Amino acid sequence: MTDTLLRGRFLTFHREPTGAEDASAHTYVEDGAILMRQGRIVATGDYADVAATAGDAAVIDHRPHLMMAGFIDTHIHFPQVQIVASWGSQLLDWLNGYTFPAEAEFGNAQHARAMAGQFCTLLTDHGTTTAVAFCSVHKASADALFSEAADRNMRIIAGKTMMDRNAPDAVLDTSQSGYDDSKELIAAWHGKGRASYAITPRFAITSSPEQLQMANALVGEHPECYVQTHLSENHDEIAFTAELYPDARDYLDVYETYGLLGKRTLLGHAIHLKQREVEAIAQTGAHPVFCPTSNLFLGSGLFDDAGLRAHGISSGIATDIGGGTSYSMLQTLNEGYKVLQLQNQSLHALRAFYWITRGNADVLSMADRIGTLDPGTEADIVVLDPRATPAMALRMGRAETLAEELFALQIMGDDRAIVQTYVAGAPQKGATLHP
Ligand code: GUN
Ligand code: ZN
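About the thresholds
- Here the residue numbers are simple positions, counted from 1 along each chain's written sequence.
- Whichever chain is written first becomes A and whichever ligand is written first becomes 1, with later ones labelled in order.
- Where totals are concerned, whole chains, interfaces and linings use all residues; where local detail is concerned, this predicted model gives features only for residues with pLDDT of at least 70, and gives and counts side-chain atom pairs only at 80 or more.
- For the side-chain quantities, the full set of heavy atoms in the structure was used; hydrogens and water were omitted.
- Here the aromatic set is Phe, Tyr and Trp, taking the six-membered ring for Trp, and pairing holds for ring centres within 6.5 Å; pairs whose planes are under 30 degrees apart are stacked, those over 60 apart are edge-to-face, and all others are tilted.
- Strands are runs of DSSP state E lasting at least two residues, helices are runs of H or I lasting at least four, and both sets are numbered from the N terminus onward.
- Think of it as a cone above the ring: NZ of Lys or CZ of Arg counts as a charge over the ring if it is within 6 Å of the ring centre and within 35 degrees of the ring normal.
- When DSSP finds two or more bridges between two strands, those strands count as paired.
- The contact definition used throughout considers only heavy atoms, calling two residues in contact when any of these lie within 4.5 Å.
- Under this scheme, a helix contributes an axis fitted over its contacting stretch, all axes are lines through C-alpha atoms, and angles between N-to-C directions fall in the 0 to 180 degree range.
- Accessibility here uses a 1.4 Å probe with only protein chains present; expressed as a share of the type maximum, an area under 20% marks a residue as buried, one over 50% as exposed, and anything in between as partly exposed.
- Counting of polar contacts relies on pairs of N or O atoms within 3.5 Å, with two restrictions inside protein: one atom must be capable of donating a hydrogen and the other of accepting it, and residues adjacent in sequence are counted only when both atoms are side-chain atoms.
- The donor set comprises N, O and S atoms within 2.8 Å of the metal, extended to 3.2 Å for Na, K and Ca; water molecules are omitted, so apparent gaps in a site may simply reflect that omission.
- A site with four donors is called tetrahedral when every donor-metal-donor angle falls between 85 and 135 degrees; four donors are called square planar, and six octahedral, when opposite donors sit more than 155 degrees apart and all other angles fall between 65 and 115; any other arrangement is irregular.

> I would appreciate a short explanation of the packing of aromatic side chains in the present structure.
The way to describe two aromatic rings as a pair is by their centre distance and the angle between their planes. Considering all chains together, one arrives at 9 aromatic pairs under this definition. With a centroid separation of 4.9 Å and an interplanar angle of 65°, the aromatic rings of tyrosine 337 and phenylalanine 407 are classed as edge-to-face. Here the residue tyrosine 337 occupies a position in helix 12 (residues 329-341), and phenylalanine 407 occupies one in helix 15 (residues 402-412), the gap between them amounting to 70 residues. Looking at arginine 7, its charged tip hangs above the ring of tyrosine 47, at a distance of 3.7 Å from the centre. Residue placement shows arginine 264 over the ring face of tyrosine 226; its charged tip is 4.3 Å from the ring centre.

The structure is reproduced here in structure tokens:
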């Protein structure tokens, strides 16, 4: 197969920028090129230099658009694709009224397969090339998502949700079946192609102590797997958790007691934290995940990014579809900027684009594979048009620096700004995926 040479502007990050003026954390090339071979990036640089070494590579000219590493979404619910934008309630009522009934349908393997196709297409249409996903409680839902991602050679981290109480029967497992199904899914998918498994106890309310004990056993048996759950999103949720786990010092202590915290643990939301919880998160190396569109939509609260950073904690950022309202990591940054503004904190554009690429990859300990345009990494690439709409084009007419252009893209951009998304070197937009 011949190589492919993408021509256009490109931006990639080497580390987190220390401030809005820190230009040394990234490389930006005006007339750049990315050479792809067999799903990997093999060279980047000035177009003239890379082209000179590229032989008969097929050239795709993306000028004047901007190429970056594909976006990474570190918290999203695959079985919630049909309940995005469901009116009127906060977390617990929203789960009972909308979420659990929708997730119940994912026991039907055919439905799960159909939704998995739509889900993956939506991700790549929005520039997202890696997602960390909650499936439903049903093993079939996880099989559907993993096989859809495998068909597309798409990197995925996912897990069957473990939940054995406080929800309708149709979305419950038992501590034993949750363990057994997770175990089978790990054997079937973890480390296969681009898939990784996340052990997924939904949250303290829907997992009995026996189930968290089983999750603990899975972590012990599979330390290479991720762990994902929810933490301190909503005041009623926190109060109910305290009733269910009266001996726990606080919400985090429930997960701590069952050995679920470590560098591969992702804690969705983590908004209303006590000082002890923040310190314990820092100590264990676990990662909170900021879900701004969801936190605003469900009225959950304001994520204290600066407070966590002051403790050396590195957080992910994510859509949290379907509590979240957009698949777009650009729109996630937009709302994230506003959540931080409300707390007199700030999110400058370089850090924002670092966060949805290399930053989230670092949270997943995957920056050697995704999140940058470094040679040797997987060719997951997004091509952005900062002038995608008339309003954006008008705004860009006054953008004088890269940071200014990026900031307007962060605030105004969505899937209309995604010109193309490459997954392991293959273009997804306009592709026929199932001939
Ligand atoms: N807490 C437990 N389950 C969920 C969920 O599906 N979405 C959100 N936003 N929070 C949760
Ligand atoms: Zn969630």
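> How should the sheet that holds strand 15 (residues 418-423) be read in this particular structure?
Within the open sheet, the 7 strands sit side by side as 3-2-1-4-14-15-16. Their pairing is mixed. Whereas interior strands pair on both sides, the edge strands pair on one side only; in this sheet they are strand 3 (40-46) and strand 16 (426-427). Of the pairings in the sheet, the one linking strand 14 (residues 381-384) to strand 15 comprises 4 bridges and is antiparallel in character. Residue pairing in the sheet places leucine 384 in a bridge with isoleucine 418 of strand 15. Relative to strand 1 (residues 4-13), helix 15 is tilted by about 95°, and along the sheet it contacts strand 1, strand 2 (26-37), strand 4 (58-69) and strand 14.

> What should I look at first to understand the environment of histidine 272 in this one?
Structurally, histidine 272 is set in the loop between strand 11 (265-269) and helix 9 (275-284). With a relative accessible area of 21%, histidine 272 lands in the partly exposed category. With 32 residues separating them in the primary sequence, histidine 272 and aspartate 304 have C-alpha atoms 8.6 Å apart. The contact partners of histidine 272, leaving out residues within four places of it in the chain, are Ser232, Glu233, Asn234, His235, Ile238, Glu277, Ser300 and Gly301. At 3.4 Å, the side chain of histidine 272 forms a polar contact with the backbone oxygen of glutamate 233.

> Before we go on, may I ask you to explain the environment of glycine 316 in this structure?
Relative to the assigned elements, glycine 316 resides in strand 13 (residues 316-317). Given the relative accessible area of 0%, glycine 316 is considered buried. Spatially, the C-alpha atoms of glycine 316 and leucine 364 are 8.7 Å apart, while their sequence positions differ by 48 residues.

> Mind showing me how you'd approach the coordination of the zinc ion (ligand 2) here?
Angles between donor atoms at a metal ideally measure 109.5 degrees for a four-coordinate tetrahedral arrangement and either 90 or 180 degrees for a six-coordinate octahedral one. At 2.0 to 2.5 Å from the zinc ion (ligand 2) lie its protein donor atoms, namely His75 (NE2), His77 (NE2), His230 (NE2) and Asp320 (OD). Every donor counted, the 4 donor atoms about the zinc ion (ligand 2) form angles of 89 to 166° at the centre, which fits irregular coordination. Along the chain, the residues donating to the zinc ion (ligand 2) fall in the pattern H-x1-H-x152-H-x89-D. Of this pair, histidine 77 sits in strand 5 (residues 71-77) while aspartate 320 is found in the loop between strand 13 and helix 12, placing the two residues 243 residues apart along the sequence. Its relative accessible area of 3% is what places histidine 77 among the buried residues. Judged by relative accessible area, which is 3%, aspartate 320 ranks as buried.

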